[in-house]
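# Geometric and topological summary
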Amino acid sequence: MSQSLDNKFLELRRNYIASQFGKLNDVQKQAVFYTQGPLLILAGAGSGKTTVLVNRIANLIRFGNAYQTEKAPFGVSQELVDELELLLREKGTPSPELAPLLAERPVWPYHILAITFTNKAAGELKNRLSSMLGEAGQDVHASTFHSACVRILRRDAERLGYPKSFTIYDTDDQQRAMKEVYKSLNVDDKFIPIKAAMSNIGRLKDKMISPKQALAAPADTRAGLIAKIYDAYQKRLLHAGAMDFDDLIYQTVRLLQECEDVREFYQSRYQYVLVDEYQDTSVAQFQLVYLLAGAHRNVCVVGDDDQSIYRFRGATIENILNFEEHFQGAKVIRLEQNYRSTSTILDAANCVIQNNQARKGKTLWTDNGQGDKILYYEADSEMEESAHVATVIGQNLRKGAKLRDHAILYRMNAQSGPIETYFARAGIPYKIVGGQRFYDRKEIKDIIAYMAVVANRQDDLRLRRIINEPARKIGATTVQNAADIASGLGIPMLDVIEHCGEYPALGRAVGALQKFYGIYEQLIKVYETLPLDAFVTELLDITGYRAMLELAGEEGQTRLENIGQLVSSVKTYADQRGPEASLEGFLEEVALISDIDSYDDQADVVVLMTMHAAKGLEFDYVFIVGLEEGIFPSEMSRYSNEDLEEERRLCYVGITRARKELYLSSANSRMMFGQTKRNKHSRFLDEIDPDLLTVEQSPVARQMQMVRQRYQSDARGGYPSNNSGVYLNREYNRVPANSTGVNITIKPRQTGTRLTSGIQAGSAIQAGSVAARPQQQVPSRDGDKNFRVGDLVEHKVFGRGVVQKITPVAGDTIVEIRFEKAGVKKTMANYAPLKKV
DNA sequence: ACTAGCCACTTTTTT
DNA sequence: AGTGGCTAGT
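Residues numbered from 1 in each chain as written. Chains lettered and ligands numbered in written order. Predicted model: local features only at pLDDT ≥ 70, side-chain atom pairs only at ≥ 80, totals over all residues. Heavy atoms only, no water.

### Some points on the nonpolar core
Going by this rule: Throughout this description, the term nonpolar core refers to a set of buried Ala, Val, Leu, Ile, Met, Phe, Trp, Tyr and Cys residues connected via side-chain atoms within 4.5 Å. Only protein chains enter the calculation, and the probe is 1.4 Å; a residue is then buried if its accessible area is under 20% of its type maximum, exposed if over 50%, and partly exposed in between. Residue contacts are counted whenever heavy atoms from the two residues lie within 4.5 Å of one another.
The biggest cluster of nonpolar side chains holds 69 residues, and the ones touching the most others in it are F166, M178, Y182, I229, L248, L292 and F323. Setting aside residues no more than four positions away along its own chain, F323 makes contact with P38, L39, L40, Y278, V299, V301, E318 and A330. Grouped together as the second largest cluster of nonpolar side chains are 57 residues, F438, Y545, L549 and Y573 included.

Here it is in structure tokens:
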């Protein structure tokens, strides 16, 4: 075959393959077609990295290495070249002769492992793969680090001395186990708080440091003690046949390190390894990737060093900074075009992040257009801030935006409170993502503990949780005795309980214990005969848990309802998995699930969440609230540059969530942990180019400021020095005052914490607030709140509407209103920002 | 074994 | 401020 024909074919083939991925830009295509060897994709926020990942996998499966191959396949003929040419012009399906020549060593989906951090991300990947590739997409192993590890460990945990059916301990179980360790070692938790020990041990595992290593070279007495705790804790978990979250990674790495055959098995199984959110990986996770990809080195990691926000959990940004050293000869591709945000928003993000030192450096750009300026609102209090957020949402709704296009982001969960209160009163539907997980509720954890004991007889910790829940006259002393006997003999507690008559130490408790063992046996029997969800329902009766809650009044009812939800999730699980469903499987799913996974972007509600939880999401309208020194950046981070840089990255993440509009706000005073604090506005605001901002100040904040100004010029005849010493304000009076609306030029020299010193200052504030505060905007004033059916009303958020129905309730009235734009809503007459027209 | 009252805690946390 | 966990008392 002639050289030119071959070359012609190769060229056409490249064109053909490229045409199959037409929507990608050139850099994205590079990332998709670079299939062999280590690759680092530095993907800026909104640069379409998931698309790249999906297309990369699709390319591997459909065409393998064909795009890059220089050598034409055997069997190229003029006819095939002609057919290919035609195919390029007129789309269609390649003939059976041509089809195999289009691919070069295509990859079997089974050989691809794609690792993400969240179930949600893994699910999204799977969905997009199967919609792009059909069945083949479903065979790609896309999962989270943790579930990939569980899968590996379920096969071979015995090699490490753990049962295959090991239990997964969540933070709560971990804490209980740790308490027992403290007791057995006689450690005072005042010296090292349990939480501190837990996080220290977690970090050790993240760094692949074994108890033995930790014991061998302690840095100081504290580290030595932690090593001892670590050692005892680890032994206890091994004895219980349990692993905590950190163990899942740590033990998998151990397994792969220690067992050559296991390692080789997975290396040949996973010939292509892709890792998402690489900036958030720990040393252990790096090791895992390194071990899996060690032989073939077909490893592709995607990440953004500027979005690394989990350093406090053991993520090490060095993984991404040093990737080229870890994998010699690695190619680096930067995705810098952003498809998400306006250039104003992007510029603001760049302004902030460029103040960080530790970064690879990249600058996002977009051709989305400039968009509107960012609105910075300075409120006087957190209530005002919340009111402002609600008002802006109302304006946007009237312009045709949907509730679900709005997200409120904050630094810590506690900040959701005032916003919630205001939203509830104003009748704005909202949903909080994060906070307490459903599966963290006491009653749910109890039932799960019962299920765990049935699944794993060795799980002493779970057993101890439920042995006397509901009360069965098995007190703490009895439990402790049984536990001591068990650990003395090295057997599970249930074995001791089974033969409790043989142990004199258990004395009078024998009757109660035997009764409990009877319950356990019944559970096992029911478990073996009934389907999973029926088993759980039975469990409630056999254990007496239902009876206990039924006697517990109203609260018991709510708890029972929660358990009802659990039962239905068991049923859903059983239906989904069919014959594969197992108790272990369900428990595993529950243990590895998180709240953000259940975030449903279809429901039309405003979402409230932390900036951490918002990573990977995007919204048209984003509010970042509480931009105050001590809140964001948080108090804890203010004195360490590294921590501060992490806060700044978090700010970058927050800003880059916004597609169309970004709203920033701060409150001059805020109730925190029961005390009112006055905070200076966040330094991150000062880092944004003033030209990108429109500054607005609440009337109250302005009045307060004027009072302060007067005080200052009277008392000192000048400006007080900047007592924070941490940073110097840039002045907002450079903001052009030409923008429309109610913009007010702020002189931040006069705002914030400075006034907290001095009694007169305090009284000046009081005087100002009495004069200025018109009782906030939350409750509507008297006079016109006696609504009648048919009244035309105006709601601050939903606009105009007609009253449909009036229902008096204790001290207030529910008013049902049909709004022109927003549909029918129910509001409380006394609280809704509502007036007659 | 149970309960009342006191005290300590409250950054973020994909798993 | 609000909650959850623990101690001391019954």
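We are not done yet, so read on.
### So, the environment of L792
Spelled out, the test is: Labels follow the DSSP assignment, with helices taken as runs of H or I lasting at least four residues and strands as runs of E lasting at least two, numbered in each case from the N terminus.
Note on placement: L792 falls in strand 17 (residues 792–795). Through-space distance from the C-alpha of L792 to that of T610 is 38 Å; in sequence the pair is 182 residues apart. Other than its neighbours up to four places away in sequence, L792 contacts R800, G801, V802, K835, K836 and V837.

### Considerations on the packing of helix 18 (residues 343–353) against helix 31 (residues 641–655)
Defined as follows: Helix axes are fitted to C-alpha atoms over the stretch in contact, other axes to C-alpha atoms as well, and angles between N-to-C directions run from 0 to 180 degrees. Here the angle decides the label: under 35 degrees means roughly parallel, over 145 means roughly antiparallel, 65 to 115 means roughly perpendicular, and every other value means oblique. Any residue outside Ala, Val, Leu, Ile, Met, Phe, Trp, Tyr, Cys, Pro, Asp, Glu, Lys and Arg is labelled polar, Gly included; the first ten of those are nonpolar and the last four are charged.
Taken N-terminus to C-terminus, the directions of helix 18 and helix 31 make an angle of 175 degrees; their axes are 9 Å apart at the nearest point. Classified by the angle their axes make, helix 18 and helix 31 are roughly antiparallel. In contact with I345, A348, A349, V352 and I353 of helix 18, helix 31 contributes R648, R649, C651, Y652 and I655. Tallied by class, the residues present in the contact of helix 18 with helix 31 amount to eight nonpolar, no polar and two charged.

### Some details on unusual backbone geometry
Along the chain, E469 connects to P470 via a cis peptide bond; the corresponding omega equals 5 degrees. F632 connects to P633 through a cis peptide bond whose omega is 5 degrees. Considering the arrangement of structural elements, one finds P633 in the loop between strand 13 (619–624) and helix 31. A positive phi angle is found at R105, which is not glycine, with a value near 45 degrees. Inspection of the secondary structure puts R105 in the loop between helix 5 (99–102) and strand 2 (112–116). Even without glycine at this site, K473 takes up a positive phi of about 60 degrees. Assignment of secondary structure puts K473 in the loop between helix 22 (460–466) and helix 23 (476–489). Judged by relative accessible area, K473 falls into the exposed class, the value being 78%.

### Some thoughts on the packing of helix 10 (residues 194–206) against helix 12 (residues 221–240)
Axis separation between helix 10 and helix 12 bottoms out at 10 Å; the angle between their running directions is 80 degrees. Taken together, the axis directions place helix 10 and helix 12 in an arrangement best described as roughly perpendicular. Contact residues: A196, N200, I201, L204 and K205 in helix 10; R222, I226, I229, Y230, Y233 and Q234 in helix 12. Counted by class, the contact of helix 10 with helix 12 contains seven nonpolar, two polar and two charged residues.

### Here's the deal with the pairing of strand 1 (residues 39–43)
Going by this rule: Strands are treated as partners if at least two bridges between them are detected by DSSP.
Counting buried positions over the five residues of strand 1 gives five, a clear majority of the element. Across the two faces of strand 1 the burial is the same, with L39, I41 and A43 and L40 and L42 all buried. For strand 1 and strand 8 (residues 331–335), the ladder comprises five bridges, and the chain directions are parallel. Residue pairing across strands places A43 opposite L335, the latter belonging to strand 8.

### With respect to the protein's contact with DNA strand C
Filter applied, for reference: A molecule or strand has a residue near it when one of that residue's heavy atoms lies within 4 Å. For the purposes of these results, a polar contact is taken to be a pair of N or O atoms within 3.5 Å, where, inside protein, one atom must be able to donate a hydrogen and its partner to accept one; residues adjacent in sequence count only when each atom of the pair is a side-chain atom.
Taken together, K179, M671 and F673 make up the full set of residues near DNA strand C. Within the side chain of K179, a nitrogen or oxygen atom sits 3.0 Å from a phosphate oxygen of DNA strand C.

### Overview of helix 12
Note on helix geometry: an α-helix contains 3.6 residues per turn, so any two residues three or four positions apart are oriented the same way. As a reminder of what qualifies: A helix's residues, less one, multiplied by 1.5 Å, set its expected span.
Between the first and last C-alpha of helix 12 there are 28 Å, a value that for 20 residues agrees with the 28 Å anticipated at 1.5 Å per step. Against the buried residues of helix 12 lie strand 4 (167–169), helix 9 (171–185), helix 10, helix 11 (211–216), strand 5 (242–244) and helix 13 (245–258). Here helix 12 starts with a cap whose side-chain oxygen sits 3.1 Å from the backbone nitrogen of R222, and that cap is D220. At the exit of helix 12 stands G241, carrying a positive phi of roughly 65 degrees.

### Digging into the UniProt feature "binding site: ATP" (unreviewed entry) in chain A
Put simply, the rule is: UniProt positions are given in the numbering used here, feature names are shortened, and annotations may be inferred rather than shown by experiment.
In this numbering, the UniProt entry assigns the feature "binding site: ATP" (unreviewed entry) to A43, G44, A45, G46, S47, G48, K49 and T50. Among the secondary structure elements, G46 is positioned in the loop between strand 1 and helix 3 (49–63). According to the relative accessible area criterion, G46 is buried, its value standing at 14%. Every residue in contact with G46, bar those within four places of it in the chain, is listed here: Q337, N338, Y339 and R340. Inspection of the secondary structure assignment puts S47 in the loop between strand 1 and helix 3. Residue classification places S47 among the buried residues on the basis of a relative accessible area of 2%. Every residue in contact with S47, bar those within four places of it in the chain, is listed here: Q28, L335, Q337 and Y339.

### What to know about the packing of aromatic side chains
Under the convention used in this document: Aromatic contacts are taken between Phe, Tyr and Trp rings whose centres are within 6.5 Å, Trp giving its six-membered ring; a plane angle under 30 degrees counts as stacked, one over 60 as edge-to-face, and the others as tilted. Whether a charge sits over a ring comes down to the Lys NZ or Arg CZ being within 6 Å of the ring centre and within 35 degrees of the ring normal.
In the structure shown here, the tally under the stated rule is 20 aromatic pairs. Taking the centre distance of 5.7 Å and the plane angle of 80 degrees together, the rings of F21 and F33 count as edge-to-face. Placement of F21 in the loop between helix 1 (3–20) and helix 2 (26–33) and of F33 in helix 2 is noted, with a sequence separation of twelve residues between them. Of the two residues examined, F21 and F33, each falls in the buried class. For the ring pair W108 and Y110, a centre distance of 5.2 Å and an interplane angle of 45 degrees mean the geometry is tilted. By relative accessible area, W108 is classed as exposed at 55%. Exposure remark for Y110: the relative accessible area of 34% places this residue in the partly exposed category. We note R154 situated over the ring of F166; from NZ or CZ to the ring centre the distance is 4.1 Å.

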